[in-house]
Amino acid sequence: VQLQASGGGLVQPGGSLRLSCAASGSIFSIDYMGWYRQAPGKQRELVARITSRGSTNYADSVKGRFTISRDNVMSVSLQMNNLKPEDTALYYCNAQIRSTSVIASDYWGQGTEVTVSS
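The rules behind the values
- Residues numbered from 1 in each chain as written.
- Predicted model: local features only at pLDDT ≥ 70, side-chain atom pairs only at ≥ 80, totals over all residues.
- Heavy atoms only, no water.
- Disulfide = S-S within 2.5 Å.
- Helix = DSSP H or I, 4+ residues; strand = E, 2+ residues; numbered from the N terminus.
- Buried < 20%, exposed > 50% of the residue type's maximum accessible area, 1.4 Å probe, protein only.
- Pairing = 2+ DSSP bridges.
- Axes fitted to C-alpha atoms, helices over the stretch in contact; angles between N-to-C directions.
- Polar contact = N/O pair within 3.5 Å; in protein donor to acceptor, adjacent residues only side chain to side chain.
- Contact = heavy atoms within 4.5 Å.
- Phe/Tyr/Trp six-rings, centres within 6.5 Å; stacked < 30°, edge-to-face > 60°.
- Lys NZ or Arg CZ within 6 Å of the ring centre and 35° of its normal.

This part covers the state of the cysteines. Simply put, the disulfide is a covalent bond whose two ends are the sulfur atoms of two cysteines. All chains considered together, the criterion is met by one disulfide. Cysteine 21 shares a disulfide with cysteine 93; S-S distance 1.9 Å. On the S-S bond that ties cysteine 21 to cysteine 93, the torsion sits near -85°, and the link is left-handed. One end of the pair, cysteine 21, is in strand β3 (residues 17–24); the other, cysteine 93, is in strand β9 (residues 89–98), and 72 residues separate them in sequence.

Dropping the structure here:
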């Protein structure tokens, strides 16, 4: 199983970026997919997550600015609007994926860098 992330980059404060993450491989089902981020010198934190049923949760710091959505059963996107310098971090896609109906594992994609700077 692999998670392929894309969409990071450099943007000015107030700008927007869209991150995408696609899962591939031997997958029975996906319980949830989401994004974490880690800024230099800080712990990795959950940014947003969406379950297979469409339930979402967000970090307080991004509520009202970021939106996570499912593109299809194997991929999600994170629309980031009104970006702030404090959103600068390495963003990681994360998913809990089942290889069978009873075996679930946690997977991580490679980090994609988001830099918000003027």
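Don't stop here, the text continues.
Another aspect to go through is the pairing of strand β1 (residues 2–6). Of the two faces of β1, only one is covered, namely that formed by Leu3 and Ala5; the face formed by Gln2, Gln4 and Ser6 stays uncovered. In terms of strand pairing, β1 meets β3 through five bridges, oriented antiparallel. From the neighbouring strand, serine 6 faces β3, where its bridge partner is serine 20.

Reading across the sheet, the four strands line up as β1-β3-β8-β7 and stay open at both edges, with antiparallel pairing between neighbours. Each edge of the open sheet is held by one strand with a lone partner, namely β1 and β7 (66–72). Within the sheet, the average angular offset between the axes of one strand and its neighbour, ignoring direction, is 20°.

To continue, consider the pairing of strand β5 (residues 45–51). Pairing geometry for strand β4 (residues 29–38) and β5, over six bridges, is antiparallel. Bridged to glycine 34 within β5 is arginine 49. In terms of strand pairing, β5 meets strand β6 (residues 56–58) through three bridges, oriented antiparallel. If you follow alanine 48 over to β6, its bridge partner there is tyrosine 58. Hairpin remark: β5 followed by β6, antiparallel, with four residues in the connecting loop; positive phi at glycine 54, about 95°.

Below, the discussion takes up the side chain of asparagine 94. Structurally, the position occupied by asparagine 94 is in strand β9. Take asparagine 94: its relative accessible area is 2%, and that puts it in the buried class. Polar contacts involving the side chain of asparagine 94 include one to the main-chain carbonyl oxygen of tyrosine 107, which spans 3.2 Å. Here asparagine 94 is in contact with Leu3, Tyr32, Met33, Gly34, Tyr36, Arg49, Asp106, Tyr107 and Trp108, once residues within four sequence places are set aside.

This part is about the packing of aromatic side chains. As enumerated under the stated definition, the model contains two aromatic pairs in all. Judged by centre distance (6.5 Å) and plane angle (85°), the rings of tyrosine 92 and tryptophan 108 are edge-to-face. A residue pair is termed long-range when its members are at least 10 positions apart, and tyrosine 92 in strand β9 and tryptophan 108 in strand β10 (residues 104–108) qualify at 16 residues. The structure contains a cluster of three or more aromatic residues connected by ring pairs, namely Tyr36, Tyr92 and Trp108. Against the face of tyrosine 92 rests arginine 44, its NZ or CZ located 3.8 Å from the ring centre. Between the NZ or CZ atom of arginine 44 and the centre of the ring of tryptophan 108, over which it lies, the distance is 4.7 Å.

It is worth stressing that arrangement in space is one thing and function is another; only the former is reported here.
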